[in-house]
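This is what each chain is made of:
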Amino acid sequence: MKQQEHDQHPGMRPNRRTVLKGAASAAALGSTGALGAFSERALAQDNLRARILQMPGVGKGAPTDADWQKVGELCLGPTKASVKEGEFKGVELSFMGLNNQNLHNLLFRGFLKPWEAYTGAKISWIDLAQADYNPRLQQAIATGTVDFDILEMGAPFEGDVCGKGLASEMPDWVKKQIDIDDYVDYLKPPVGTWNGKTYRVTIDGDCHNFNYRTDYFSDPNLAKAWKDAGNPGEWGVPKTWQQVQAVTKFLKGKKIKGQNAFGYLDAPKPWGGFGFYFLGSRASAYAKHPDDKAWLFDVDTMKPRINNPAWVRAIQDVIDALPSEPADQLNADPNTTGFQQFLAGIGSMVPWWGDIGQVAKASDTSVIGDVVGFDILPGSDDVYNSKTRAWEKLASGPNHAPNCAYLGWGIYVMARVAGDERKHKAAWSAAAHLGGKDLSLWMVMYPSGFQVHRTSHSNIEEWVAAGYDKKYITSYLNSQFSSYNHPNRAVEPRIPGIFQYYSVAEDELTKIFAGRYDAQTGANNIAAAWEKLTDQIGREKQIALYKASLGA
């Protein structure tokens, strides 16, 4: 979209809501008769948010680098309030982050180009593929050879990075600039902190939600075939994993709109440790009991639960479902299932982070934007109680335990900049710009690799004004915030080596899914490897950190 056309777009003008909001603010300030600086700032921010959300406008094609740069430029106000123009001239910073689906670091480049132009600082980039990210970071942690000043990282690594003194504590002015109190509750301390000190600028909130095709589950032909086959209940969106399994097997060999129909899409191929989350999303409703905060390890001993009946059932579910999934599904990683299959029209159910909902509506790569719905992850008819070692059916109905996978990405500044005052301030200024409140809204509405993580992201009106259908976005946001706020959410521990545990598990799961081991034997192998890793790191230390991470 050309700038002239952009300026003429109706969404750029103050709408009735923004005008009324400004008027209400003026009335609240009362008898002075003046609009007041506070109301002017509020109205200006409201207009800024409306303006950036029309770049390019949802449904008007995928955003480009020009859009990223313009959004970054328009959101420079907080930087200009704390940094003089050219203040960081001559400062060079290195930034290490992810380059997944051509997002993450590529967006950061665009957002930070106007920041570089204004401040005078220069940034060099270390781009890593998803499968390469964890090994690269783990090497830096193990050897202490940090060769970057700013790091994009998930909270699970905080035990390794912050606990070893590799990160710089966040200055108070940054907390104010990013409005840190706006974060959703589950991403507030202790997440982002270590030993009471704050280290993280949050740019993402993570949970796996359930994405499904509405056209599949409203199709009269499939409904009739389901009933004729003698299946229990009405044809509809599965609410439990037992139903997911039944639907997936039923759809094998069926057609929809002249194409092969498929049910659930598993991601068996290793993905640098991140693939383990997808088994976790199958397992959480089986393994996370409402009366027990833990689900990966026993709290008092760090004994792995990966080989208990709940996790073994989840592994067996994958084994049983794969024959009904697309050909060569064994070689599908999560990028394949989410972007090359589900968004391209293959399959009817997939768990993923919030990217699916954004990309489905705001990217040229999606063909399902009008036929996708959202929910929290399916539940289970029963849940395993690790304390009694028995399956239980809850009086309240199916057990749900949304998987809050990865606790979101954040921006961290490394301790190595501490000795240079200008470099230290420059690094934190760059981090604060990327984590700004207004910029964050744009990122969670468009393809970015990030999903909602602030209370202010729940304003439906802003999403609709940007171009989202109200019913669609209400379903999407409910799936996110209902996962974050679920009383039985499954939250992973921020303990040292967590991705070493996950990577080992991925390696062993590959052998299981290839048929080399049965589910129980393979799970026992994972448990043995986890025990060995715990002893190497230090069992008592891990127990203490695990308890702290669970609030136990």
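The residue count restarts for each chain, going from 1 along the sequence in the order it is written. Local features are withheld for residues below a pLDDT of 70 in this predicted model, meaning they are given only at 70 or higher, and side-chain atom pairs are given and counted only at 80 or more; totals for whole chains, interfaces and linings count all residues. With hydrogens and water stripped out, all remaining heavy atoms of the structure feed into the side-chain values.

1. What to know about the overall build of the protein chain
- Here a strand is any run of E in DSSP of at least two residues, a helix any run of H or I of at least four, and the numbering for each starts at the N terminus. Looking only at helices and strands, one finds 22 helices and 16 strands in the protein chain.
- Relative to the 2.2 N^0.38 estimate, which gives 24 Å for 552 residues, the radius of gyration of the protein chain is 24 Å and therefore close to what a compact globule would have.
- On the principal axes, the C-alpha backbone points of the protein chain span a range of 70 × 55 × 45 Å.
- Expressed as a percentage of the 552 residues in the protein chain, the buried residues total 57%.
- For the protein chain, the computed accessible surface area is about 21800 Å², with 50% contributed by carbon and sulfur atoms.
- We score Asp and Glu as negative and Lys and Arg as positive, and we do not count His or the chain ends. Charge positions are represented by NZ for Lys, CZ for Arg, CG for Asp and CD for Glu. Put simply, the protein chain has 59 plus and 61 minus side-chain charges, and the middle of one group is 2 Å from the middle of the other. We take the radius of gyration over the C-alpha atoms and set the globule estimate at 2.2 Å times the residue count to the 0.38 power. Using a 1.4 Å probe on the protein chains alone, a residue whose accessible area is under 20% of its type maximum counts as buried, one over 50% counts as exposed, and one in between counts as partly exposed. Per-residue and other accessible areas were derived by the Shrake-Rupley procedure at a 1.4 Å probe size, with only the shown protein chains allowed to occlude residues.

2. Quick word on empty space enclosed by the protein
- The method works on a 1 Å grid over the protein atoms by themselves. A cavity is a set of points holding a 1.4 Å probe that cannot get out, a pocket is an open set with protein on both sides within 12 Å along at least five of seven lines, and residues with an atom within 4 Å of a point line them. Grid points are joined across faces, edges and corners, and a volume is the space filled by probe spheres set on the points. As enumerated under the stated definition, the model contains 4 cavities of 30 Å³ or more in all.
- What the largest cavity holds in volume is close to 160 Å³.
- Taken together, 17 residues form the lining of the largest cavity, with N100, H104, W353, W409 and G449 sitting closest to its centre.
- Per-class residue counts for the lining of the largest cavity are 9 nonpolar, 5 polar and 3 charged.
- Of the voids in this model, the second largest cavity is the one considered here, and its volume is about 130 Å³. Put simply, Ala, Val, Leu, Ile, Met, Phe, Trp, Tyr, Cys and Pro go in the nonpolar bin, Asp, Glu, Lys and Arg in the charged bin, and everything else, Gly too, in the polar bin.

3. Focus on the environment of G59
- Here G59 is to be found in the loop between α3 (37-52) and α4 (65-74).
- Using a relative accessible area of 62% as the deciding quantity, one classes G59 as exposed.
- Linking G59 and D179, residues 120 residues apart in sequence, is a C-alpha distance of 30 Å.

4. A few points about the confidence of the model for the protein chain
- The quantity called pLDDT is the predictor's confidence in a given residue, expressed from 0 to 100. Mean pLDDT over the protein chain stands at 90; residues scoring 70 or higher make up 92%.
- Every residue pair with non-hydrogen atoms within 4.5 Å of one another is taken to be in contact. With pLDDT under 50 throughout, residues 1-39 is counted as low confidence; its partners more than four residues away or in other chains account for 38 contacts.

5. A few points about the environment of K423
- Residue placement: K423 occurs in helix α16 (residues 421-434).
- The exposure class assigned to K423 is partly exposed, which follows from its relative accessible area of 23%.
- With 79 residues separating them along the chain, K423 and Y502 place their C-alpha atoms 35 Å apart.
- Apart from the residues lying within four places of it in its own chain, the contact partners of K423 are V91, E92, L93, D149 and V417.

6. With respect to the packing of aromatic side chains
- Working definition: rings of Phe, Tyr and Trp (its six-membered ring) pair if their centres are within 6.5 Å, and the pair is stacked with planes under 30 degrees apart, edge-to-face with planes over 60 apart, and tilted otherwise. Scanning all chains against the criterion turns up 51 aromatic pairs.
- Arranged with centres 6.4 Å apart and planes meeting at 70 degrees, the rings of Y212 and F217 form a pair that is edge-to-face.
- Overall, the relative accessible area of 9% leaves F217 in the buried class.
- Measuring from centroid to centroid gives 6.1 Å for F274 and W409, while their planes differ by 25 degrees, and the two rings are stacked. Highlighted residues: F274 in the loop between β9 (259-260) and α12 (276-287) and W409 in strand β15 (residues 409-413), separated in sequence by 135 residues.
- With a relative accessible area of 1%, F274 lands in the buried category.
- Here W409 falls in the buried class, since its relative accessible area comes to 5%.
- A ring has a charge above it when a Lys NZ or an Arg CZ is no more than 6 Å from the ring centre and no more than 35 degrees off the ring normal. The aromatic ring of Y286 is capped on one face by R313, whose charged end is 4.7 Å from the ring centroid.
- Directly above the aromatic system of W391 lies the positively charged group of R313, at a separation of 3.6 Å from the ring centroid.

7. Some words on the sheet that holds strand β2 (residues 122-128)
- Think of it this way: DSSP has to see at least two bridges between two strands before they count as a pair. Judged by pairing direction, the sheet is mixed, and its 5 strands sit side by side in the order β2-β1-β3-β15-β6 without closing on themselves. The open sheet terminates on both sides in strands that have one partner only, identified here as β2 and β6 (201-202).
- For strand β3 (residues 150-154) and β15, the ladder comprises 5 bridges, and the chain directions are antiparallel. Across the sheet, residue G154 finds its bridge partner in β15, namely W409.
- Note on geometry: axes are lines fitted to C-alpha atoms, helical ones only across the stretch in contact, with angles between N-to-C directions running from 0 to 180 degrees. Along the sheet, helix α6 (residues 105-119) makes contact with β1 (92-98), β2, β3 and β15, crossing β2 at roughly 180 degrees.
- Contacts between helix α7 (residues 130-143) and the sheet are confined to β1, β2, β3 and β15, with β3 contributing the most and set at about 110 degrees to the helix.

8. Some points on the pairing of strand β10 (residues 349-352)
- The side-chain alternation of β10 yields two buried faces, one formed by M349 and P351 and the other by V350 and W352.
- Two elements, strand β7 (residues 209-213) and β10, share 4 bridges in a ladder whose sense is antiparallel. By the bridge assignment for β10, N209 is matched with W352.

9. Overview of the sheet that holds β10
- Here we have 3 strands laid out as an open sheet, ordered β10-β7-β11, and antiparallel in their pairing. The open sheet has two edge strands, β10 and β11 (372-375), and neither has a second partner. Averaged over all pairs of adjacent strands, the angle between strand axes in this sheet comes to 30 degrees, irrespective of strand direction.

10. Looking at the packing of α12 against helix α20 (residues 498-513)
- At a closest axis distance of 9 Å, the pairing of α12 and α20 adopts a crossing angle of 85 degrees. Relative to α20, α12 is oriented roughly perpendicular. Contacts between α12 and α20 involve F276, Y277 and L279 on the former and, on the latter, F499, Y502, A505, E506 and L509.
- Among the residues forming the contact of α12 with α20, the class breakdown is 7 nonpolar, no polar and 1 charged. Every angle not falling under 35 degrees, over 145, or within 65 to 115 is termed oblique; those three ranges are roughly parallel, roughly antiparallel and roughly perpendicular.

11. Some words on the packing of helix α13 (residues 309-321) against helix α21 (residues 519-537)
- Packing of α13 against α21 brings their axes to within 9 Å, and their N-to-C directions diverge by 125 degrees. The angle between α13 and α21 falls in the class oblique. Read as a crossing pair, α13 and α21 show a hand that is right-handed. Across the interface between the two elements, V312, I315, Q316 and I319 from α13 touch A519, Q520 and A523 from α21.
- Class assignment for the residues of the contact of α13 with α21 results in 5 nonpolar, 2 polar and no charged. Two helices crossing with the near one rotated counterclockwise from the far one by less than a right angle form a left-handed crossing, whereas a clockwise rotation gives a right-handed crossing.

12. Considerations on the pairing of β2
- Bridge count between β1 and β2: 7 bridges; the pairing is parallel. Residue pairing in the sheet places L93 in a bridge with I123 of β2.
- Note on the crossover from β1 through α6 to β2: the handedness is right-handed. Orienting the strands away from the viewer, one traces the path from the first strand over the helix to the second; a clockwise path indicates a right-handed crossover.

13. What to know about the nonpolar core
- Working definition of a nonpolar core: buried Ala, Val, Leu, Ile, Met, Phe, Trp, Tyr and Cys residues. They are joined through side-chain atoms within 4.5 Å. In this structure, W115, Y133, F276 and W442 are the most contacted members of the largest nonpolar core, which totals 169 residues.
- The contacts of Y133, once residues within four sequence positions are left out, are L98, L128, L151, E152, M153, F157, Y406 and W409.

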